[in-house]
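Analysis of the macromolecular model
Next come the chains, spelled out residue by residue.
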Amino acid sequence: MTSTASEPSEASMGQCSLPGDSLKPSIFTKIIHREVPAKILYEDELVISFLGLPQNRVTPVQFLVVPKKQLATLEEANSCDEAALGRMFTVASLVAKQQGVTNGYRLVINNGNDAASEPSEASMGQCSLPGDSRKPSIFTKIIRREVPAKILYEDELVISFLGLPQNRVTPVQFLVVPKKQLATLEEANSCDEAALGRMFTVASLVAKQQGVTNGYRLVINNGNDAGQEVPHLHIHVFAGQPMSWPPGTD
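These remarks concern the structure in this document. In this text the structure is predicted, and so the values were computed from the model without any measurement.

Our focus in this paragraph is the pattern of salt bridges. Opposite charge on two side chains lets them pair, provided their charged atoms get close. Using the criterion set out here, one finds 12 salt bridges in the structure. A salt bridge links arginine 87 to glutamate 45; the shortest N-O distance between them is 3.6 Å. A residue pair is termed long-range when its members are at least 10 positions apart, and arginine 87 in helix 3 (residues 82–98) and glutamate 45 in the loop between strand 1 (40–43) and strand 2 (47–51) qualify at 42 residues. The exposure class assigned to arginine 87 is buried, which follows from its relative accessible area of 17%. With a shortest N-O distance of 3.0 Å, lysine 69 and aspartate 81 are connected by a salt bridge. Of the two residues, lysine 69 sits in the loop between strand 3 (63–67) and helix 3 while aspartate 81 sits in the loop between strand 3 and helix 3, which places them 12 residues apart along the sequence.

Our next topic: the nonpolar core. Counting 41 residues, the largest nonpolar core has Phe174, Val176, Tyr216, Leu218, Ile235 and Val237 as the members making the most contacts within it. Here this core gets eight residues from one element, more than from any other, and that element is helix 5 (residues 193–209). Leaving out residues up to four positions away in the same chain, valine 237 has contacts with Val172, Gln173, Phe174, Val176, Ala203, Tyr216, Arg217 and Leu218.

With that out of the way, let us pick up helix 3. For helix 3, which comprises 17 residues, the first-to-last C-alpha distance of 24 Å matches the rise-based estimate of 24 Å (1.5 Å per residue) to within 8%. Within helix 3, 13 of the 17 residues are buried, which leaves the element mostly enclosed by the surrounding structure. Looking one or two residues past helix 3, glycine 100 carries a phi angle of roughly 85°, positive in sign.

Attention now goes to the packing of helix 3 against helix 5. The N-to-C vectors of helix 3 and helix 5 enclose an angle of 105°; their axes lie 7 Å apart at closest approach. By the angle class used here, helix 3 and helix 5 are roughly perpendicular. Residue-level inspection shows Glu82, Ala83, Leu85, Gly86, Arg87, Phe89 and Thr90 of helix 3 in contact with helix 5, the latter providing Glu193, Ala194, Leu196, Gly197, Arg198, Phe200 and Thr201. Looking at the contact of helix 3 with helix 5 residue by residue, the classes come out as six nonpolar, four polar and four charged.

Let us look at the pairing of strand 8 (residues 216–222). Taking burial as the measure, the seven residues of strand 8 include seven buried ones, the bulk of the element. With burial as the criterion, each face of strand 8 is covered, one bearing Tyr216, Leu218, Ile220 and Asn222 and the other bearing Arg217, Val219 and Asn221. Where strand 4 (residues 105–111) lies against strand 8, seven bridges are found, and the strand directions are antiparallel. If you follow tyrosine 105 over to strand 8, its bridge partner there is asparagine 222. Two elements, strand 8 and strand 9 (residues 235–239), share four bridges in a ladder whose sense is antiparallel. Its bridge partner being in strand 9, tyrosine 216 is matched across the sheet by alanine 239.

This paragraph deals with the sheet that holds strand 9. On the basis of which strands lie adjacent, the open sheet formed by six strands has the order 4-8-9-7-6-5 and antiparallel pairing. Edge strands, defined here as strands with exactly one partner in the open sheet, are strand 4 and strand 5 (151–154). Looking at each pair of strands side by side, their axes are set apart by 20° on average, direction ignored. Against the sheet, helix 3 contacts strand 4, strand 8 and strand 9, and its axis sits at roughly 140° relative to strand 4. Its contacts with the sheet put helix 5 on strand 4, strand 5, strand 6 (158–162), strand 7 (172–178), strand 8 and strand 9, and the angle it makes with strand 7 is roughly 155°.

On to helix 5. Helix length check: helix 5, at 17 residues, gives a terminal C-alpha distance of 24 Å against a target of 24 Å (1.5 Å per residue), a fit within 8%. In terms of residue burial, helix 5 counts as a mostly covered element, since 14 of its 17 residues are buried. Just beyond helix 5, the residue with positive phi is glycine 211, at close to 85°.

When the C-alpha positions of arginine 87 and proline 67 are compared, they lie 8.6 Å apart, and in sequence the two are 20 residues distant. Excluding its chain neighbours within four sequence positions, the residues that come into contact with arginine 87 are Asp44, Glu45, Leu46, Val47 and Glu193. At a separation of 2.7 Å, a polar atom in the side chain of arginine 87 contacts the side chain of aspartate 44.

Rules of the game
The residue numbers shown here count from 1 along each chain, following its written sequence. The model is predicted, so local features are restricted to residues of pLDDT at least 70 and side-chain atom pairs to those at 80 or more, both for listing and for counting; the totals for chains, interfaces and linings are taken over all residues. For the side-chain quantities, the full set of heavy atoms in the structure was used; hydrogens and water were omitted. A pairing counts as a salt bridge when a side-chain nitrogen of Lys or Arg comes within 4 Å of a carboxyl oxygen of Asp or Glu. Secondary structure follows DSSP: runs of H or I at least 4 residues long count as helices, runs of E at least 2 residues long count as strands, and numbering of each begins at the N terminus. Summary of the burial criterion: residues with accessible area below 20% of their type's maximum are buried, those above 50% are exposed, and those between are partly exposed, where the area comes from a 1.4 Å probe applied to protein chains only. In this description, a nonpolar core means a group of buried Ala, Val, Leu, Ile, Met, Phe, Trp, Tyr and Cys residues linked to one another through side-chain atoms lying within 4.5 Å. Should any heavy atoms of two residues lie within 4.5 Å, those residues are considered in contact. Expected helix span is given by 1.5 Å per residue-to-residue step, counting one fewer step than there are residues. An axis is simply a line fitted to the C-alpha atoms; with a helix, the fit covers only the stretch in contact. Between two such axes, the angle follows the N-to-C directions and lies from 0 to 180 degrees. Any angle that is under 35 degrees is reported as roughly parallel, and any over 145 degrees as roughly antiparallel; angles of 65 to 115 degrees are reported as roughly perpendicular and all others as oblique. Gly is placed with the polar residues, together with every amino acid not listed as nonpolar (Ala, Val, Leu, Ile, Met, Phe, Trp, Tyr, Cys and Pro) or charged (Asp, Glu, Lys and Arg). When DSSP finds at least two bridges between two strands, those strands are taken to pair. Pairs of N or O atoms are called polar contacts if they sit within 3.5 Å, as long as, within protein, a hydrogen donor faces a hydrogen acceptor (for residues adjacent in sequence, only side-chain-to-side-chain pairs).

Structure, rendered in structure tokens:
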């Protein structure tokens, strides 16, 4: 029988609070406060999106999505932050569309030292379930226990499990998947932000359970150009060794 981890709660994930006044503002916080200039692409009460420096671009279209609350890493996030973390996904989709992206994109979150994180901040319709006519993805079959997998965490919104050993490229590697079968972020809407935000906090929880202590990288391949293979939105979490930045485009 497979055991699953318990759902993160305020007691386990931390109390709801804003960062202390003693926290040194990051470059992103200075952009939010308009102390540093940037080309703003989107802004609301929870998140902001802007273009990065031209010299740092590795693809023709490249931008950042940042929560307004200054979180150094996902380990500082708790259940109170899931709304903002989930909003980052839907804003990424919105801004990508505004930037003329039509064939997919990749979302990368560098979290901690091994992931080559640089700035001290965590950065990335109608409500309905997918129609019954949709062909179940391999991940949906895992959720239904029709396909075996090593489950690391499960709650009402998301599931996390180990990938196939032959697909691993780092010593620690697992997936976090929303239970609602969204092919890409373009199918998500505001109703999905709770699940999308939960994916972040679950990634942090499972990484800790897997013994990760020095950072990890989260990758979302969204669409054809990004190399997405399974038509069910998911996060790849890579850890256990130092990684370089930028990650490249292949």
